[in-house]
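Coordinate inspection notes
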Amino acid sequence: MNTREACVNADLKDPLAPLKDCFDLPPGVLYMDGNSLGVLPKTAAARAAEVIRKEWGADLIRSWNTAGWYDLPARLGDKLGGLLGAREGEMVVTDTTSLNIFKALAAALRIQQGKHPARRVILSERDNFPTDLYMIQGMIDLLQQGYEMRLIDDDLPLDKALDDSVAVMLLSHVNYRSGYMHDMAAVTAMAHERGALAIWDLAHAAGAVPVDLNGADADFAVGCTYKYLNGGPGSPAFIWVAPRHTSDFWQPLSGWWGHSRPFDMAVAYEPAGGIRRYLCGTQPIVSLSLVECGLDVAHAAGMDEVRRKSLALGDLFIALVESRCADHPLTLATPRNHAERGSHVSLRHPNGFEVMQALIARGLIGDYREPEVLRFGLTPLYLGYADIWDAVDILKDVLDTRAWDKPEFKQRSAVT
Ligand SMILES: *Cc1c(COP(=O)(O)O)cnc(C)c1O
């Protein structure tokens, strides 16, 4: 597609184009940061009002039973699980991704202590999202059992790192910075062959790429609902456990919501039989309820169609940047190969931070990640081909005119 008109025509033929109308998008904004915070589904405001005014305001405590609050983590887990290759009863929506990493890691390490008691390595990736690495470090410090973290990188490839000292491997399916995507089934098979368990962080995969947790034979998975699933800022995360492990051990955040009979008010902890044991305390019902609004749109689209369009948008973005911004020092940090690419495209530029601030000032919202990385999220539910054309137009203009080279674009805020 070398003209805007061709992009407009592609939008007219796009089966996902009507779904853009399911979202409240601010006028004058091209939003390419749905990989960090998804947009607002139109149904969310009415749903929030219903939960607050009717379920909380009018029905009060009765709503735990009458409005289905008590079962909400599991019911939403089933609905989300349908997009990720999980079966009913295998997933709950609860807590944060960081907390769910703690639970999954603790359970996986305990299972391995029974099977391979000498193994003391937790394997991850130097380029993984920092919270994953921080949670591993915190767990090692808490356990005081001689565990160590090993990180794969350019010098230590997975095949070499995954030896018989590895107890648990924790990887992100799609890398938050580069957009690189692991082959979940192949990497999990390699981990299993060598006696390790595989925990997958799906933060940048859920709602973005097709995932088949059971098909890939994964052991545990966690991830966010506020990115590609449009659940709202800080909406609860999810955790999935392969049914073969659910009853092997219970996670150590053994709060009353994971008890088999919480309202017995018993002194002794006795974990619930299934995935409910991965719950801890009382759930944030207002925020949790809104997760469903985003999930409904994702189901209406279907993940295969989302993937097809996401790759097409990515190919178009890369081709237009390379042809129209060729005289600028931009390098592609994301794999071209479809099998290795998630749903965002990252470009490096020596003045990446300033360039992104200038783009945002023009209404093109992406984000910036150290070092020098401009990230552009491709969210097929509400971005079209003409949007990609317009985004590259803005990028080209900001670079051609050096509009980024101003003192106000060098100021750093708390959140980039
Ligand atoms: C966004 C992201 C998280 C976020 O974790 P929170 O606990 O929700 O803050 C975790 N892991 C990865 C890989 C992410 O991309």
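Report follows, based on the coordinates.

What counts and how
- Residues numbered from 1 in each chain as written.
- Predicted model: local features only at pLDDT ≥ 70, side-chain atom pairs only at ≥ 80, totals over all residues.
- Heavy atoms only, no water.
- Helix = DSSP H or I, 4+ residues; strand = E, 2+ residues; numbered from the N terminus.
- Rg over C-alpha atoms; globule rule 2.2 N^0.38 Å.
- Buried < 20%, exposed > 50% of the residue type's maximum accessible area, 1.4 Å probe, protein only.
- Contact = heavy atoms within 4.5 Å.
- Near = heavy atom within 4 Å.
- Polar contact = N/O pair within 3.5 Å; in protein donor to acceptor, adjacent residues only side chain to side chain.
- Nonpolar A, V, L, I, M, F, W, Y, C, P; charged D, E, K, R; others polar.
- Axes fitted to C-alpha atoms, helices over the stretch in contact; angles between N-to-C directions.
- Left-handed = near helix turned anticlockwise from the far one by under 90°.

1. Some details on the overall build of the chain
Scanning the chain for helices and strands turns up 13 helices and 15 strands. Its C-alpha radius of gyration of 22 Å places the chain within 12% of the 22 Å reference for a compact globule of 416 residues. By principal-axis analysis of the C-alpha atoms, the chain measures approximately 70 × 60 × 40 Å. Burial statistics for the chain: of 416 residues in total, 54% are counted as buried. In the chain, the proportion of contacts linking residues at least 24 apart, taken out of those at least 6 apart, comes to 73%.

2. Structural notes on the site of the ligand
As a matter of local geometry, the ligand sits amid 13 residues, with Ser 98, Asp 201, His 204, Tyr 226 and Lys 227 nearest to it. A distance of 2.6 Å separates an oxygen atom of the ligand from a polar side-chain atom of Ser 98. Residue Asp 132 places a side-chain N or O atom 3.1 Å away from a nitrogen atom belonging to the ligand. When residues of the shell around the ligand are traced back to their parent elements, those giving at least two are helix 5 (97–115) and helix 6 (130–143). Looking at the shell around the ligand residue by residue, the class counts come to four nonpolar, six polar and three charged.

3. Looking at the packing of helix 2 (residues 42–58) against helix 10 (residues 285–301)
Packing of helix 2 against helix 10 leaves a shortest axis separation of 9 Å and a crossing angle of 145 degrees. Crossing of helix 2 against helix 10: the hand is right-handed. Residues Thr 43, Ala 44, Arg 47, Ala 48, Val 51 and Ile 52 of helix 2 touch helix 10, and the partners they reach there are Ile 285, Val 286, Ser 289, Leu 290 and Cys 293. Considered class by class, the residues forming the contact of helix 2 with helix 10 number eight nonpolar, two polar and one charged.

In short, the description is geometric, and any link to function would need to be established separately.
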